[in-house]
Amino acid sequence: MIRINLADNRIFLNTLSDNSVDSVVTDPPYGISFMNKKWDYDVPSVEVWKECLRVLKPGGHMLVACGTRTQHRMVVNIEDAGFEIRDVVTWLYGSGFPKSLDVSKAIDKEMGAERSEGAREWTGGQRSSGILGENHGTQTLVKYNTPATEAAKQWEGFGTALKPACEFWTLARKPLSEGTVAKNVLKWGTGGINIDECRVEYQSETDKASATPQGIVTSKTPKDGYAKAAGLISERHEIERPELKGRFPANLLLDEEAAAALDEKSGFLSKQGSPKKKDTREESAFGGGMPSTYFGDSGGASRFFYVAKASKSDRSEGNTHPTCKPTKL
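Residues numbered from 1 in each chain as written. Predicted model: local features only at pLDDT ≥ 70, side-chain atom pairs only at ≥ 80, totals over all residues. Heavy atoms only, no water.

(A) Spotlight on the confidence of the model for the chain. With 70% of its residues at a pLDDT of 70 or more, the chain shows a mean pLDDT of 77. Within the model, the stretch residues 121-136 combines pLDDT values under 50 with 27 contacts to residues more than four positions away or in other chains. In this model residues 214-222 is a low-confidence stretch, pLDDT under 50, and it forms 25 contacts with partners more than four residues away in sequence or in other chains. (pLDDT = per-residue confidence, 0-100. Contact = heavy atoms within 4.5 Å.)

(B) Looking closely at the sheet that holds strand S2 (residues 56-66). Read across the sheet, five strands follow the order S1-S2-S6-S3-S9 without closing on themselves; strand pairing throughout is mixed. Whereas interior strands pair on both sides, the edge strands pair on one side only; in this sheet they are strand S1 (21-26) and strand S9 (252-254). This sheet shows a mean twist of 15° between the axes of neighbouring strands, independent of strand direction. Of the pairings in the sheet, the one linking strand S3 (residues 84-92) to S9 comprises three bridges and is parallel in character. Across the sheet, residue leucine 92 finds its bridge partner in S9, namely leucine 254. (Pairing = 2+ DSSP bridges. Helix = DSSP H or I, 4+ residues; strand = E, 2+ residues; numbered from the N terminus. Axes fitted to C-alpha atoms, helices over the stretch in contact; angles between N-to-C directions.)

(C) Local environment of helix H4 (residues 103-110). Among the residues of H4, Val103, Ser104, Ile107 and Asp108 are the ones counted as buried. Projection of H4 onto a plane perpendicular to its axis shows the buried side chains occupying an angular sector of 140°, all on one side. Away from its buried face, by an angle of more than 90 degrees, H4 presents the exposed residues Lys109 and Glu110. Looking at the buried residues of H4, the elements they touch are helix H5 (150-154). Backbone nitrogen of serine 104 and a side-chain oxygen of the N-cap are separated by 3.1 Å at the start of H4; the cap is aspartate 102. A positive backbone phi angle near 70° is found at glycine 112, which sits one or two residues after H4. (Buried < 20%, exposed > 50% of the residue type's maximum accessible area, 1.4 Å probe, protein only. Arc of directions from axis to C-beta. Polar contact = N/O pair within 3.5 Å; in protein donor to acceptor, adjacent residues only side chain to side chain.)

(D) Molecular detail of the packing of aromatic side chains. Overall, the coordinates contain two aromatic pairs when judged by the stated rule. Pairing tryptophan 91 with tyrosine 93 gives two aromatic rings, centres 5.0 Å apart and planes at 55°, and the pair type is tilted. Accessibility expressed as a relative area gives 11% for tyrosine 93, which makes it buried. Ring geometry for tryptophan 155 versus phenylalanine 158: centroids 4.9 Å apart, planes at 70°, classification edge-to-face. Relative accessible area serves as the criterion here: at 44%, phenylalanine 158 is assigned to the partly exposed category. (Phe/Tyr/Trp six-rings, centres within 6.5 Å; stacked < 30°, edge-to-face > 60°.)

(E) Main features of the pattern of salt bridges. All told, the structure shown has 13 salt bridges when counted by the stated rule. Of the charged contacts in the structure, one is a salt bridge between arginine 86 and glutamate 84, with a shortest N-O distance of 3.8 Å. The structure contains a network of salt bridges with shared partners spanning Asp18, Glu51 and Arg54. (Salt bridge = Lys/Arg side-chain N within 4 Å of Asp/Glu carboxyl O.)

(F) Highlighting the pairing of S1. When S1 meets S2, the two strands line up parallel, connected through five bridges. Pairing of serine 23 across the sheet is with histidine 61, part of S2.

(G) Broad picture of the environment of alanine 310. Inspection of the secondary structure assignment puts alanine 310 in the loop between strand S11 (290-291) and helix H10 (312-315). Given a relative accessible area of 37%, alanine 310 falls into the partly exposed group. For the pair alanine 310 and threonine 323, spaced 13 residues apart in the sequence, the C-alpha separation amounts to 9.7 Å.

(H) Broad picture of the pairing of S3. When S3 meets strand S6 (residues 166-173), the two strands line up antiparallel, connected through eight bridges. Note that in S6 the partner of valine 89 across the bridge is tryptophan 169.

(I) Layout of helix H2 (residues 46-55). Within the span of H2, buried status applies to Val46, Trp49, Glu51, Cys52, Leu53 and Val55. In the core, the buried residues of H2 are packed alongside S1, S2 and helix H3 (71-80).

Right, dumping it as structure tokens:
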């Protein structure tokens, strides 16, 4: 059963008991005055995070979203509240909307100069004007918003900000109450991350084969410490591999557009067949000099990272939240 409490967290947290919450996942205000909304004037204070620390069980994790401009202020407040900063998860996406001021336009506005629409050029051809039986040559608009002043011309093309394409999620943990993670987990049920449930699913059987060697082969004179300690001699030993459940989760996440951009740069690996000699090296799709040991692997580099993007189902009916995040993320 899931219980949803619709309330102001700054008030609701006060009603919870100490050491009663397993984890906190939150998308708080970024402090960037989003759409000039008052609730986004600042990041949450140290006092807010202290309440999160109080209600969390020792070893409990907290994941906090933030934008690039105010991430430093968010993390400092979280740390000052008493949390351990464990990692920062970067979410890359391709749907960010640029919020850049056109410097040239601003100069014309400052000088009270009105801009013209731009010159028009006739390119020939026929198009309907919307008036029955009347055709005109095709008209192409060469340039929009032509600068009205010399100063504006000098600063044409200048802006004030880059397109947002990533967000940072701070992974923090309440300090352990016990001497070790093992003891803390046994007492509170918190302190670890469920890695296997967060593994990145394979895209195909060949992709799975590339990350799951079938065993370890050793010689009569094993060189590695593992083989020596295990006493493995000239045999293939099948071992249980956690990779069978998926690739180890990373602190980088991609949406579909970011994944496509990465694959365009990395290229697509298309090597098939049996592995080559271990010491052989050749150019690969992932930047030359990699060992050419393949297990039928294929695909772009993005397959190593989880792909998520907000869908209609994420929003559900009537959800008008301006910064809705994907459920899978």
